[in-house]
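# Survey of secondary and tertiary structure
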Amino acid sequence: MSGTAPGRAPGAGGAAGPAPVPPVALVGDGLPVPCVDGAERPYLSLDTAASTSALPQVAARVQEFLPWYSSVHRGAGHKSQRSTAAYEAARAALMAFAGRSEDDVAIICRNTTEAINHLAYRLRLHREDVVVTTVVEHHANLLPWSRAATCRYVECGADGTFSVGDVVAALDGGPAPRLLAITGASNITGWMPPVDEIAAEAHRRGVPVALDAAQLAPHRPLPTSPDFVAFSGHKMYAPFGAGVLIGPRRAFADGDPFLAGGGAVDLVDLDEVVWSQPPEREEAGSPNVVGAVALHAAVDTLQTIGWPALVGHDEEVARRLRTGVAAIPGVRLLGPPPGAATLPVATFTVAGMPHALVAARLAAEHAIGVRHGCFCAHPYLIRLLGLDDAALGRFRGQVRQGDRSAMPGAVRASGGIDTTAADVDRFLDALARLASGEPAPVEYRQDPRTGDYHPAGPAGAAYTDLLAPSDGHGGCSPG
Ligand SMILES: Cc1ncc(COP(=O)(O)O)c(C=O)c1O
């Protein structure tokens with residue numbers, strides 16, 4: 001664990017002590033990393049929308065718990081009992097964090113993607129069933145629905161937003177939908193649809209609502225209006241592999257579960273199974289107890305800090321980041337205007353410079369980590385970039401040939417609880433230098449298989465030798 005990075009409050013170790021005030025340093029913040037000029041610079045992660053480092057409180061809770069780790073729900077031993085208690089306490093804390101009642105149940109799973117796939121299976125959809133969803137969604141909230149049912153999509157405008165009326169029109173189009181699946185916040189623009197108003201319209205029509213809260217959960221109180229909600233620990237400072245699906249208990253009371261196996265059954269004979277009641281019915285196999293403990297510590301810490309401080313910090317970072325990006329000549333901010341209420345996310349293009357090169361230069365020359373590509377939300381990015389069918393057809397053909405060198409995309413900088421004003425200014429300064437045409441200190445070569453750029457020549461070799469070798473797989477921006 002690094003020391004406290006400049007400008008950030010130390011993260012107190014245990015639950016005791018005064019609540020830290022954002023910005024709060026995360027585990028590993030400010031670690032020096034190598035750059036292509038041979039110097040080391042403190043690493044700046046502006047990729048929190050992808051994954052976050054751990055809160056110190058989360059790391060401390062995991063450390064405290066590990067000596068007590070054992071199997072849950074399966075052992076009479078003291079450690080098993082303690083682990084079971086910790087796991088069930090985590091479940092209760094997640095329910096409270098999401099503002100849920102006893103009528104609901106929290107199913108602990110791996111992440112939002114698994115949670116939504118789990119739900120799509122459990123709703124027993126048929127191809128002729130209609131799910132209304134939106135073009136703003138992450139693939140995690142598109143593909144499970146389009147695989148199981150027929151989707152009707154809410155379109156967005158050029159600024160990447162839609163209105164409540166647009167959702168109502170999709171709900172009212174025939175045939176009547178079985179579900180509305182919607183994001184709480186976009187992972188590309190940070191835009192937050194008015195979920196409560198939208199859910200009220202869906203409920204007025206008897207349509208249940210599933211909320212993808214992967215981005216929203218670390219930044220805003222979760223709306224309680226949707227029937228189902230899913231979020232991931234690794235996006236909210238608990239990167240230990242647990243996520244959650246919460247929904248009405250009755251939705252999981254009948255039928256066979258998503259995963260079949262041990263722990264989900266009361267009695268098994270070779271020709272008959274008596275499934276347990278939820279949540280156990282939905283959690284076959286040995287659960288991720290450490291992940292659940294970490295997620296519990298994360299929601300405890302966020303609640304101790306309190307939403308007013310968290311939201312105030314987010315708004316300040318969002319304003320500084322987005323107005324700063326939009327003001328740089330040659331840089332185009334995608335989505336709503338810089339002053340709009342969004343999460344602290346700025347996705348942009350730089351005139352004349354491929355997105356993958358911008359990201360590579362920010363990393364290699366400035367030690368700044370951002371994401372580039374299409375952010376697992378291709379339909380949304382295609383719309384934000386304004387690509388037409390002819391361009392799309394060309395890209396599709398190239399990708400099918402294994403050539404990703406001309407893949408469309410953008411660059412995303414995203415902040416979180418640890419982002420300081422100085423971090424944002426450091427990033428804006430680096431971006432302005434790149435956008436102004438500052439020559440690169442080394443040559444960069446593109447790997448057509450991934451589309452990524454890597455520094456070349458002796459300096460580049462010294463830099464890339466420190467990193468994982470690429471065999472064409474695992475590029476920076478798969479969908
Ligand atoms: C809006 C949104 N939904 C869903 C996901 C999928 O989350 P996970 O990878 O944790 O399953 C992401 C991840 O980036 C996301 O941003």
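Residues numbered from 1 in each chain as written. Predicted model: local features only at pLDDT ≥ 70, side-chain atom pairs only at ≥ 80, totals over all residues.

Right, let's talk about the sheet that holds strand 6 (residues 150–154) for a bit. With respect to topology, 7 strands assemble into an open sheet ordered 4-10-9-8-7-5-6, the strand pairing being mixed. Across the chains shown, the open sheet's two edge strands, defined by having one partner strand only, are strand 4 (104–109) and strand 6. In this sheet, adjacent strand axes meet at a mean angle of 20° when their direction is disregarded. Here 3 bridges tie strand 8 (residues 209–212) to strand 9 (residues 228–232), and the two strands are oriented parallel to one another. When the bridges of strand 9 are listed, Leu211 appears paired with Val229. Where helix 3 (residues 112–122) meets the sheet, its contacts fall on strand 4, strand 8, strand 9 and strand 10 (243–248), and the angle it forms with strand 10 comes to roughly 30°. (Pairing = 2+ DSSP bridges. Helix = DSSP H or I, 4+ residues; strand = E, 2+ residues; numbered from the N terminus. Axes fitted to C-alpha atoms, helices over the stretch in contact; angles between N-to-C directions. Contact = placed C-beta atoms within 7 Å.)

Cis geometry is found at the peptide bond from Gly174 to Pro175, where omega equals -10°. Summarising the element assignment, Pro175 is placed in the loop between helix 5 (164–172) and strand 7 (179–183). Of the consecutive residues Pro278 and Pro279, the connecting peptide bond is found in the cis state with omega at 10°. Even without a glycine there, the phi angle at Ala367 is positive, about 60°. Its 22 C-beta neighbours within 10 Å are what place Ala367 among the buried residues. (Buried ≥ 20, exposed ≤ 12 C-beta atoms within 10 Å, placed from the backbone.)

Asn111, Thr113, His138, Asn187 and Ser232 are the nearest of the 16 residues found near the ligand. A breakdown of the residues in the shell around the ligand according to their chemical character gives 4 nonpolar, 11 polar and 1 charged. (Near = placed C-beta within 6 Å. Nonpolar A, V, L, I, M, F, W, Y, C, P; charged D, E, K, R; others polar.)

The relative placement of two packed helices comes down to the angle between their axes together with the axis-to-axis distance. The geometry of helix 1 (residues 56–65) relative to helix 7 (residues 289–305) is characterised by a closest axis approach of 8 Å and an angle of 140° between their N-to-C directions. Between helix 1 and helix 7, the crossing angle belongs to the class labelled oblique. The two elements helix 1 and helix 7 meet at a crossing, and its hand is right-handed. For the pair formed by helix 1 and helix 7, the contact residues are Gln57, Val58, Arg61, Val62 and Phe65 on the first element and Val290, Val293, Ala294, Ala297, Ala298 and Thr301 on the second. (Parallel < 35°, antiparallel > 145°, perpendicular 65-115°, else oblique. Left-handed = near helix turned anticlockwise from the far one by under 90°.)

Time to look at the domain arrangement of the protein. Frequently, the measure chosen for interface size is the accessible area that the parts lose on association. Segmenting the protein into domains produces domain 1 (32–46 + 306–465) and domain 2 (60–303). A separation of 30 Å is found between the C-alpha centroids of domain 1 and domain 2. At the level of secondary structure, the elements contributing two or more residues to the side of domain 1 that touches domain 2 comprise helix 8 (307–326), strand 14 (345–350) and helix 10 (378–385). Across the side of domain 1 that touches domain 2, the residue classes tally to 18 nonpolar, 4 polar and 3 charged. (Domains from an automatic or database assignment.)

Counting buried positions along strand 10 gives 5 out of 6 residues, so the element sits mostly inside the fold. Bridge analysis of strand 4 against strand 10 gives 6 bridges, and the strand direction is antiparallel. Each bridged residue has a counterpart across the sheet, and for Cys109 the counterpart in strand 10 is Gly243.

Moving on to the confidence of the model for the protein. The pLDDT averaged across the protein works out to 94; a share of 94% of its residues lies at or above 70. Taking the mean pLDDT of every element in the protein, the minimum, 81, falls on helix 13 (residues 457–465) and the maximum, 99, on strand 8. Low pLDDT, under 50, characterises residues 11–15; the predicted model gives this stretch 13 contacts beyond four residues in sequence or across chains. (pLDDT = per-residue confidence, 0-100.)

With that settled, consider the environment of Phe427. Relative to the helices and strands, Phe427 resides in helix 12 (residues 421–435). Phe427 sits 65 residues away from Leu362 along the chain, and the two C-alpha atoms are 8.3 Å apart. In contact with Phe427, other than residues within four places in its own chain, are Leu44, Leu46, Ile368 and Ala413.

As a further point, take the nonpolar core. By size, the foremost hydrophobic cluster in this structure holds 131 residues, and its most contacted members are Leu94, Ala238, Val244, Ala294 and Ala298. Of the residues forming this core, the biggest block, 11 residues, is contributed by helix 7. (Core = buried A, V, L, I, M, F, W, Y, C linked by C-beta atoms within 7 Å.)

Attention shifts here to the packing of helix 8 against helix 12. Between helix 8 and helix 12, the shortest axis-to-axis distance is 10 Å and the interhelical angle comes to 10°. On the basis of their axis angle, the class for helix 8 and helix 12 is roughly parallel. Of helix 12, the residues touching helix 8 (which contributes Val317, Arg320, Leu321, Gly324 and Val325) are Ala421, Val424, Leu428 and Leu431. Considered class by class, the residues forming the contact of helix 8 with helix 12 number 7 nonpolar, 1 polar and 1 charged.

Another aspect to go through is helix 11 (residues 389–400). Each α-helix turn comprises 3.6 residues. Residues three or four places apart therefore point the same way. Taking 1.5 Å per residue as the helical rise, helix 11 with its 12 residues ought to reach 16 Å, and the 16 Å between its terminal C-alpha atoms agrees with that figure. Counting buried positions along helix 11 yields 0 of 12 residues, so the element is predominantly exposed. At the C-terminal side of helix 11, Gly402 shows a positive phi close to 80°. (Expected span 1.5 Å × (residues − 1).)

Across the sheet, 4 strands lie side by side as 13-14-17-16; this open sheet has antiparallel pairing. Looking at the sheet topology across the chains shown, the edges are occupied by strand 13 (331–333) and strand 16 (371–373). Sheet twist, expressed as the average angle between the axes of neighbouring strands with direction ignored, equals 30°. As paired strands, strand 16 and strand 17 (residues 410–414) are joined by 3 bridges and run antiparallel to one another. Bridging from a neighbouring strand, His372 pairs with Val411 of strand 17. Seen against the sheet, helix 9 (residues 355–366) touches strand 14, strand 16 and strand 17 and runs at an angle of roughly 165° to strand 16.

A word on helix 9. When the terminal C-alpha atoms of helix 9 are compared, their 16 Å separation across 12 residues agrees well with the 16 Å that a helix rising 1.5 Å per residue should span. Of all 12 residues in helix 9, 11 are buried, a share of seventy percent or more. All of the buried residues along helix 9 are His355, Ala356, Val358, Ala359, Ala360, Arg361, Leu362, Ala363, Ala364, Glu365 and His366.

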